[in-house]
Amino acid sequence: MPIATETSDMRIAYFGHDTYDAAITRRVRSLTAAGHEVTGLMMRRGDVNDVPWENVDLGRTHDAAYVQRLRSIWKGAEIAASHGQVLRDADVIIARNLDMMICASLATRRAGAQAPLVYECLDVHHMLTASGPAAPMLRRMERSLLRQSSLLVISSPAFERDYFARHHGGAYTPFLLENRIAAGSLPPRPEGLPGGGERLILGWFGVLRCRRSLAMMVKIARDMPQVKIHIAGKPVIDGFEKALEGIGNIRFTGAYRGPDDLPGLYGSVDLVWAGDFYQADFNSKALLPNRVYEGGYFGVPAIAPEGTETARWLARHCTGFAVDDPVEMSVPALLERLDNDRAALAEAKRTVLALPDDIFVEPVDMMDRMLDAALSASEVKAAS
């Protein structure tokens, strides 16, 4: 198939790990808003439901069920290849994370598709950075996939700096695509400052995986009755709600819809916790969570552990506070200081609100930039 030379009205085949993941929805919306036709080839974590794009269901998978996931990759590749015309007609094929990159590679070979393949890496699986014989084997497989791809899309510079450059130097062309808010998906930024109630409110929003963060929230609430904590999102921790029972100054409001519910969530809090210890060996230090962009858009300063990429991002943009380890001591100390100095807290909020929108919001042409980079890298590879 001839390589496309323009990024308008392109046909994108998108391999996703979970049809119903909010980040998948954001990416598809960004691509379609930029004028491109997206067909999903996606696995899912739940039952089949309608989605607002053409989608090929590759079957159901489960979190942390690695043997089942391996089987699902092979089965998903068979299903995707049976829809080979979608792959052969695509101008660019995007695969989100390593398991879907394997699936896409198998499917495109079977279907005889020639489109540039983009590897979108939103996190580095802990098995790739662990000690033991499995990690080098998996990295060799990943290096082979990188050589097949035209572009490596990363959401944090730390993924490239601290992992890909170290293990796969020379095997890829990088493109930084941060998890900023999709353009046009939210109302204008507020004029007034968020929070500001009688009691300081700390927010913790998103996919709630980190047991250490949960334990810290519980301890803060018990030790600091003058502080409220608002938790919202999808908990994937056993006993999550039971841990919150009987704590009157913690409010858990469950799952929310983004972007519709974001103004209400962030408009009601003074600070947002952006730390994570779920995969403390690498990902937790390297990632840039949605919370820093969403909170910053609404003027909410974030808190992150010192030494992480999140803390470096906050310092670079003056959008929050870095705290030393152990965070169980430093976060309460910060909350007490800001609770006693509301003028300093208000000034921090004003600083965040005064920052340019494009720190938090994806430029409208970002999808075209990514696709253009993929096409250009593919042309260079074909000519070499």
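Predicted, not measured: the structure shown is a model, and the values here were computed from it.

Novice: Would you mind showing me how to read helix α16 (residues 366-383) here?
Specialist: One full turn of an α-helix is made of 3.6 residues, so residues set three or four places apart face in the same direction. Here α16 spans 26 Å end to end across 18 residues, near enough to the 26 Å set by a 1.5 Å rise per residue. Inspection of α16 places Met 366, Met 367, Met 370, Leu 371, Ala 374, Leu 375, Ala 377 and Ser 378 among the buried residues, and these make up the whole buried set. Where α16 is buried, its residues touch β1 (11-16), α1 (22-33), β4 (92-96), β5 (117-121), β6 (151-154) and β7 (174-176).

Novice: I would appreciate a short explanation of the packing of aromatic side chains in the present structure.
Specialist: Any two aromatic rings considered together are summarised by their centre-to-centre distance and by the angle between their planes. Taken as a whole, this structure holds 12 aromatic pairs when the rule is applied. Residues Phe 205 and Tyr 266 carry aromatic rings whose centres are separated by 5.1 Å and whose planes lie at 90 degrees to one another, so their mutual orientation is edge-to-face. Taken together, the residues Phe 205 in strand β8 (residues 200-208) and Tyr 266 in helix α10 (residues 262-267) connect sequence positions 61 residues apart. On the accessibility criterion, Tyr 266 (0% relative accessible area) is buried. Centroid distance Tyr 293 to Trp 313: 5.1 Å. Interplanar angle 70 degrees. Geometry classified as edge-to-face. Here Tyr 293, found in helix α12 (residues 290-297), pairs with Trp 313, found in helix α13 (residues 309-317); they are 20 residues apart in sequence, far enough to count as distant. Both residues of the pair, Tyr 293 and Trp 313, count as buried. Across the ring face of Tyr 297, the terminal group of Arg 189 is positioned such that the distance to the ring centre comes to 5.6 Å. One residue, Arg 212, lies across the ring of Phe 277, its end atom 4.1 Å from the ring centre.

Novice: Sorry, what's going on with the nonpolar core here?
Specialist: Buried together is how nonpolar side chains tend to be arranged in soluble globular proteins. In this structure, Phe 15, Leu 58, Leu 87, Ile 93 and Phe 164 are the most contacted members of the largest nonpolar core, which totals 42 residues. Ranked by the residues each element gives to this core, the list is headed by helix α4 (residues 98-111), at 9 residues. By size, the runner-up hydrophobic cluster in this structure holds 33 residues, among which are Leu 200, Leu 202, Ile 231 and Leu 334.

Novice: Help me understand the packing of helix α8 (residues 211-223) against helix α14 (residues 327-340) in this model?
Specialist: How two helices sit against one another is set out by the angle between their axes and by the gap between those axes. Interaxial distance between α8 and α14 falls to 10 Å at its minimum, and their mutual angle equals 45 degrees. In terms of their interaxial angle, α8 and α14 are classed as oblique. The hand of the α8/α14 crossing is right-handed. When α8 is examined against α14, the residues Arg 212, Met 216 and Ile 220 are found in contact with a partner set consisting of Val 327, Glu 328, Val 331, Pro 332 and Leu 335. The residue makeup of the contact of α8 with α14, split by class, is 6 nonpolar, no polar and 2 charged.

Novice: Please clarify how the sheet that holds β5 should be interpreted in this entry.
Specialist: Think of a sheet as strands paired side by side through backbone hydrogen bonds, with each pair either parallel or antiparallel. With respect to topology, 7 strands assemble into an open sheet ordered β3-β2-β1-β4-β5-β6-β7, the strand pairing being parallel. If you trace the sheet from one side to the other, it starts and ends with β3 (54-60) and β7, each paired once. Here the average twist between neighbouring strands, direction ignored, is 20 degrees. In this sheet, strand β2 (residues 37-44) lies alongside β1 in parallel orientation, the contact comprising 6 bridges. Within the sheet, the bridge partner assigned to Gly 16 lies in β2 and is Met 42. Packed onto the sheet, helix α7 (residues 157-168) meets β5, β6 and β7 and runs at close to 120 degrees relative to β6.

Novice: Would you mind going over the pattern of salt bridges with me for this structure?
Specialist: Two side chains with opposite charge may pair up if their charged atoms get near one another. Per the stated rule, a full pass over the model turns up 17 salt bridges. A salt bridge links Arg 27 to Glu 362, with the shortest nitrogen-to-oxygen separation between them at 3.9 Å. One end of the pair, Arg 27, is in helix α1; the other, Glu 362, is in the loop between α15 (342-353) and α16, with 335 residues separating them in the sequence. According to the relative accessible area criterion, Arg 27 is buried, its value standing at 6%.

Novice: I keep staring at the confidence of the model for the protein chain and nothing clicks. Help me out?
Specialist: When pLDDT is low, close inspection of the predicted coordinates is not appropriate. When the pLDDT values of the protein chain are averaged, the result is 93; 96% of them are 70 or greater. This stretch, residues 1-5, has a pLDDT under 50; its non-local contacts, to residues over four places away or in other chains, come to 13 contacts.

Novice: Looking at this model, I keep getting lost on the packing of helix α6 (residues 134-148) against α7. Mind explaining?
Specialist: Two elements in contact, α6 and α7, have axes whose closest approach is 11 Å; the angle formed by their N-to-C orientations is 90 degrees. Overall, the two elements α6 and α7 adopt an arrangement that is roughly perpendicular. Of the residues in α7, those in contact with Arg 139, Glu 142, Arg 143 and Leu 146 of α6 are Tyr 163, Phe 164, His 167 and His 168. Among the residues forming the contact of α6 with α7, the class breakdown is 3 nonpolar, 2 polar and 3 charged.

Novice: Which parts of the structure should I look at to understand the pairing of strand β9 (residues 227-235)?
Specialist: Consecutive side chains of a regular strand alternate in pointing toward one face of the sheet and then the other. Across 9 bridges, β8 lies against β9 in parallel orientation. The residue bridging Leu 200 from the neighbouring strand is Val 227, located in β9. As paired strands, β9 and strand β10 (residues 250-252) are joined by 3 bridges and run parallel to one another. What sits directly across from Ile 231, in β10, is Phe 252.

Conventions adopted
Residues numbered from 1 in each chain as written. Predicted model: local features only at pLDDT ≥ 70, side-chain atom pairs only at ≥ 80, totals over all residues. Heavy atoms only, no water. Helix = DSSP H or I, 4+ residues; strand = E, 2+ residues; numbered from the N terminus. Expected span 1.5 Å × (residues − 1). Buried < 20%, exposed > 50% of the residue type's maximum accessible area, 1.4 Å probe, protein only. Contact = heavy atoms within 4.5 Å. Phe/Tyr/Trp six-rings, centres within 6.5 Å; stacked < 30°, edge-to-face > 60°. Lys NZ or Arg CZ within 6 Å of the ring centre and 35° of its normal. Core = buried A, V, L, I, M, F, W, Y, C linked by side-chain atoms within 4.5 Å. Axes fitted to C-alpha atoms, helices over the stretch in contact; angles between N-to-C directions. Parallel < 35°, antiparallel > 145°, perpendicular 65-115°, else oblique. Left-handed = near helix turned anticlockwise from the far one by under 90°. Nonpolar A, V, L, I, M, F, W, Y, C, P; charged D, E, K, R; others polar. Pairing = 2+ DSSP bridges. Salt bridge = Lys/Arg side-chain N within 4 Å of Asp/Glu carboxyl O. pLDDT = per-residue confidence, 0-100.

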